[in-house]
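Understanding the architecture of this molecule
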Number of protein chains: 4
Amino acid sequence: MSPTRLTRSEKAQERREAIVEAATAEFVANGFAATRIEDIAARAGVAKGTVYLNFADKRDLFESVVKTRMLPIVATIGAGFERAHDTVRETVEALLDVALPLLSEPRTGDILRLVVSESIRFPDLTGFYRREVIGPTAARMGGLLKRAAAAGELTTPAAADYPLLVVAPLILAIVANGRLQEVGVTDMRAMLRTHLDGLFAGRRS
Amino acid sequence: MSPTRLTRSEKAQERREAIVEAATAEFVANGFAATRIEDIAARAGVAKGTVYLNFADKRDLFESVVKTRMLPIVATIGAGFERAHDTVRETVEALLDVALPLLSEPRTGDILRLVVSESIRFPDLTGFYRREVIGPTAARMGGLLKRAAAAGELTTPAAADYPLLVVAPLILAIVANGRLQEVGVTDMRAMLRTHLDGLFAGRRS
Amino acid sequence: MSPTRLTRSEKAQERREAIVEAATAEFVANGFAATRIEDIAARAGVAKGTVYLNFADKRDLFESVVKTRMLPIVATIGAGFERAHDTVRETVEALLDVALPLLSEPRTGDILRLVVSESIRFPDLTGFYRREVIGPTAARMGGLLKRAAAAGELTTPAAADYPLLVVAPLILAIVANGRLQEVGVTDMRAMLRTHLDGLFAGRRS
Amino acid sequence: MSPTRLTRSEKAQERREAIVEAATAEFVANGFAATRIEDIAARAGVAKGTVYLNFADKRDLFESVVKTRMLPIVATIGAGFERAHDTVRETVEALLDVALPLLSEPRTGDILRLVVSESIRFPDLTGFYRREVIGPTAARMGGLLKRAAAAGELTTPAAADYPLLVVAPLILAIVANGRLQEVGVTDMRAMLRTHLDGLFAGRRS
DNA sequence: AATGAATGAGGTTTCATTCAT
DNA sequence: AATGAATGAAACCTCATTCAT
């Protein structure tokens, strides 16, 4: 069997992915309400009805898009916390190293903005987002900061109580994604380094 | 003319405001696409046609809502920068003092989230928002930080290049509006104070 | 006010009736599923959306059609039972006299056939039909027959236990409506008279 | 060839019958329009496409269902008329004896109701039904009644002109099938006997 | 100026039918 | 012959907008 030959189920899988891909683009460009199933189908190169073979309805497709796109983000962030380092600063720097490539991927910001945009209409999705992304990340970052405070790494030990202070620039950077030059930020990595320099007492090597 | 007697144009003005008020509530609750003119009219206590006597169409009404709600925010922030203080820290603290009441107003976060949510569909609005809110604020904050760096107020002088680092927690706090307790923040003012303590070298009196 | 001038609500009422009228014709001609709202609207001389100003959805319109058309039938039959007569035979003859004009009205059979046809899809309707039409009529007819049996009017006294035997030809005649000539019946009244002659002992005057 | 081994065409025939069987159940339960080919296929244990190997389209399948189910009914009724008896009453009683088992079969009423229900949509079917079932039966019954009138068997000789009067309770009983208890009929055979007692002069032995 | 009935374009969803495997 | 994924026509219903009253 030649490598270009696909089994029926492989082709079905490819089609499903093509639909999710097309739906991502359309939802990001127009939002949920203004996106037409017909346009998604056309972009995916399938007929309108085919969309409904793979997804129960428009909402289901939207939620699939968001969850599919979220998975690698969640996985990347989670993995970043796993690796052990001597100092908290090093851990956070390493986290940045894995997170920054996500930032250069325009899709990432697109999908996060989409979640924010449509959170009114999709409370379930917001719940998923809080439970799976915000919650665990805040908890882990809080743990890290407590460790940093205990080790005397923080310039302002009280900051250990507010993980939000640490991640706020990163979150804004992700969501603003590629539009930060408009507020004068050209080098995101430099900005975040500066941020860490303020937070942590020790200079990085 | 008794004070309860309203001239025709005063009554018209009141009606217009009632419509904007009702529209704000509906748009915030449902988003642009899912809000029905009929519901806005019902909430405002007028007939559907009356909405069209005051606004060209649904978009126009939406933009009016956003701009109307934005004005006091812009004005408040602008005013905060006007007053002179000895140190930059004092200026920023004063800014916080005027800004924080805005945060306790739930409407503020609602309207900002609405702008973010619908920015895809309303590029004009996003432009307005950038031009009128983001841009001037970033510029002014940048100026302040440069002054602080020159005066040796900053723990990390390089932070002067990134006004975003200073305002990021505030922006997130506004947008998350009343849901920060979910990430463990119960006292926003305390969090922001801690943030400033990290930024500025001198302790506040 | 000239007699051709109609108030707004009168015109609305007329429109509603026009829609019911058009819907009756379309549902009778095509059945529920094959009738298109657009065709009903066109026949009534209104726009599609106008139908939905008067009826929640297609089912609601259908049920309104059936109930509207049923009312005069139910009323006529009910009234026929009210009047007192010396003999049961006279009562039944009088009933026929009021019921037969309903038979010559083709709409009557149409609507009854429609109820039968769509009873699968509209259990509620079938319930209404049984409760409001079949049940009361069977009960009243049963009472009449008991009286007839006691007075010795029946050729076969046991027939008093089966009101269905009395009304069966009438029901079939109504439902077959205008197609009975196909089974050789040209004079329905004569057929029903013959039926009664068999049931009742006394000859009619 | 063992008896459990089926030739290819026998298997095909079995499949076709399974489809008709499944289609009968679905059409009876939901009516023509609301029945989905997919559900018929699933119930028959075949794929959707297989239905189209056996029937041109949905209408064709429906007509096949009706005609297939009609055949035994027509045959049974026809056979009932063939046997010779001394009196017409005996003939009719014998007819009842063969017809009543059909009544206890719920399918019979189901399929007749289906024909009535969908007669609007299937004029051809109605024609078939009239030509093959109603017409011959009315004619034969008419002949019988003429004979009975000539032999002085009828209490009301004029009834010979209206075979409908004789069969009406039977037809209603079939169509109402199993729901007659709702109008107080618990013993259909007793009801029909009473009916015949009224029609025929001589008592049955 | 205010009303709200009427309009009809537009979008989602269903499902009979086809056809490549 | 059998399958079931794919198609796309068709129909319901919504709601922004208009306009006669």
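Every value quoted in this text rests on a predicted model; they were computed, and no experiment measured them.

About the criteria used
- Residues numbered from 1 in each chain as written.
- Chains lettered and ligands numbered in written order.
- Predicted model: local features only at pLDDT ≥ 70, side-chain atom pairs only at ≥ 80, totals over all residues.
- Helix = DSSP H or I, 4+ residues; strand = E, 2+ residues; numbered from the N terminus.
- Buried ≥ 20, exposed ≤ 12 C-beta atoms within 10 Å, placed from the backbone.
- Contact = placed C-beta atoms within 7 Å.
- Nonpolar A, V, L, I, M, F, W, Y, C, P; charged D, E, K, R; others polar.
- Near = placed C-beta within 6 Å.
- Least-squares fit on C-alpha atoms with pLDDT ≥ 70 in both.
- Domains from an automatic or database assignment.
- Core = buried A, V, L, I, M, F, W, Y, C linked by C-beta atoms within 7 Å.
- Axes fitted to C-alpha atoms, helices over the stretch in contact; angles between N-to-C directions.
- Parallel < 35°, antiparallel > 145°, perpendicular 65-115°, else oblique.
- Left-handed = near helix turned anticlockwise from the far one by under 90°.
- Arc of directions from axis to C-beta.
- Expected span 1.5 Å × (residues − 1).
- Bend = angle between axes of the 7 residues up to and from the residue.

1. Description of the overall build of chain A
A count of helical and extended segments in chain A gives nine helices and zero strands. Counting helices and strands in the order they occur from the N terminus, chain A gives α-α-α-α-α-α-α-α-α. In terms of overall dimensions, chain A has C-alpha extents of about 60 × 45 × 30 Å along its principal axes. Here chain A, with 205 residues, has 33% of them falling under the buried criterion. A separation threshold of at least 6 residues defines the contact pool for chain A, and within that pool the share at least 24 residues apart is 60%.

2. Re the interface of chain D and chain C
Interface size is commonly expressed as the accessible surface area that is lost when the partners come together. Residue-level contacts link 33 residues of chain D with 33 residues of chain C. Elements supplying a minimum of two residues to the side of chain D that touches chain C: helix H1 (8–34), helix H6 (106–118), helix H7 (123–150), helix H8 (163–176) and helix H9 (188–199) of chain D. Residue composition of the side of chain D that touches chain C, by class: 19 nonpolar, ten polar and four charged.

3. Looking at the protein's contact with DNA strand E
Not every one of the 34 residues close to DNA strand E is listed here, only the nearest: B:Ala47, B:Gly49, C:Ala47, C:Gly49 and C:Thr50. Put simply, the parts of the chain that give the surface near DNA strand E at least two residues each are helix H2 (37–44) and helix H3 (48–54) of chain A, helix H1 (8–34) and helix H3 (48–54) of chain B, helix H1 (8–34) and helix H3 (48–54) of chain C together with helix H2 (37–44) and helix H3 (48–54) of chain D. Class assignment of the residues belonging to the surface near DNA strand E gives a composition of twelve nonpolar, six polar and 16 charged.

4. Some words on the relation of the copies chain D and chain C
Each of the two copies of the chain can be brought onto the other by a rotation about an axis and a shift along it. Superposing chain D onto chain C requires a rotation of 179° together with a translation of 0.0 Å along the rotation axis, leaving an RMSD of 0.2 Å. On this basis, the relationship between the two copies can be described by a two-fold rotation axis. Taking the C-alpha atom as reference, chain D places D:Ser117 closest to the rotation axis, 1.8 Å from it. With an isologous cut-off of 70% or more, the 100% of interface residues of chain D that recur at the interface of chain C puts this contact in the isologous class.

5. Section: the domain arrangement of chain A
Residue and element names in this part refer to chain A. Looking at chain A, the domain boundaries give domain 1 (1–55) and domain 2 (63–199). If you average the C-alpha positions of domain 1 and of domain 2, the two centres end up 30 Å apart. Taken together, the contacts link eight residues of domain 1 with nine residues of domain 2. Of the residues contributing to the side of domain 1 that touches domain 2, the split by class is six nonpolar, two polar and no charged.

6. Some details on the protein's contact with DNA strand F
In the neighbourhood of DNA strand F, 34 residues make up the surrounding shell, with A:Ala47, A:Gly49, B:Asp57, D:Ala47 and D:Gly49 lying closest. Elements with a minimum of two residues in the surface near DNA strand F: helix H1 (8–34) and H3 of chain A, helix H2 (37–44) and H3 of chain B, helix H2 (37–44) and H3 of chain C together with H1 and H3 of chain D. Looking at the surface near DNA strand F residue by residue, the class counts come to twelve nonpolar, six polar and 16 charged.

7. Thoughts on the nonpolar core
Counting 56 residues, the largest nonpolar core has A:Leu164 and B:Leu164 as its most contacted members. When residues of this core are assigned to their parent elements, the largest contribution, nine residues, is made by helix H8 (residues 163–176) of chain A. Contact partners of A:Leu164, with chain neighbours within four places excluded, come to B:Pro169, B:Leu172, B:Val183, B:Val185 and B:Met191.

8. Describing the relation of the copies chain A and chain B
Rotating chain A by 179° about the axis while translating it 0.0 Å along that axis superimposes it on chain B, leaving an RMSD of 0.2 Å. The residues that chain A uses at the interface reappear at the interface of chain B in 100% of cases, marking a shared surface.

9. With respect to the packing of helix H7 (residues 123–150) of chain A against H8(A)
Residues and elements named next belong to chain A. Closest axis-to-axis distance for the H7/H8 pair is 9 Å, and the angle between their directions is 120°. Judged on the interaxial angle alone, H8 and H7 are oblique. By crossing handedness, the relation of H7 to H8 is classed as right-handed. Along the contact surface, H7 presents Ala138, Met141, Gly142 and Leu145, while H8 presents Pro163, Val166 and Val167. Its residues assigned to classes, the contact of H7 with H8 shows six nonpolar, one polar and no charged.

10. Some points on H2(C)
Residue and element names in this part refer to chain C. Those residues of H2 lying buried are Ile40, Ala41 and Ala44. Across the axial projection of H2, the buried residues extend over an arc of 100°, all falling on one side. Packing partners of the buried residues in H2 comprise H1 and H3. Looking one or two residues beyond H2, the residue adopting positive phi is glycine 45, at roughly 75°.

11. Considerations on the arrangement of the chains
Kept free of each other, chain A and chain D leave a smallest C-alpha distance of 14 Å between them. Across all C-alpha pairs, the smallest distance from chain B to chain D is 31 Å, and the two are not in contact.

12. Brief notes about the environment of A:Met70
All names here are of chain A. Structurally, methionine 70 is set in helix H4 (residues 58–82). Its 19 C-beta neighbours within 10 Å are what place methionine 70 among the partly exposed residues. Distance from methionine 70 to valine 115, taken between C-alpha atoms, is 9.9 Å for residues 45 residues apart in sequence.

13. Remarks on helix H8 (residues 163–176) of chain C
All names here are of chain C. Over its 14 residues, H8 extends 20 Å from the first C-alpha to the last, a length consistent with the 20 Å expected when each residue adds 1.5 Å. At proline 169, H8 shows its strongest bend, of approximately 30°. Taken together, the buried positions of H8 are Pro163, Leu164, Leu165, Val166, Val167, Ala168, Pro169, Leu172 and Ala173.

14. Remarks on the packing of H8(D) against H9(D)
All names here are of chain D. Here H8 crosses H9 at 170°, and the two axes come no closer than 10 Å. Put simply, H8 runs roughly antiparallel to H9. Residue-level contacts link Val166, Pro169, Leu170 and Ala173 of H8 to Met188, Met191, Leu192, His195 and Leu199 of H9. Split into classes, the residues belonging to the contact of H8 with H9 amount to eight nonpolar, one polar and no charged.

15. Notes on the environment of A:Met188
All names here are of chain A. Along the polypeptide, methionine 188 turns up in helix H9 (residues 188–199). With 23 C-beta atoms counted inside 10 Å, the residue methionine 188 sits in the buried group. The sequence separation of methionine 188 and alanine 25 amounts to 163 residues, and the corresponding C-alpha distance is 25 Å.

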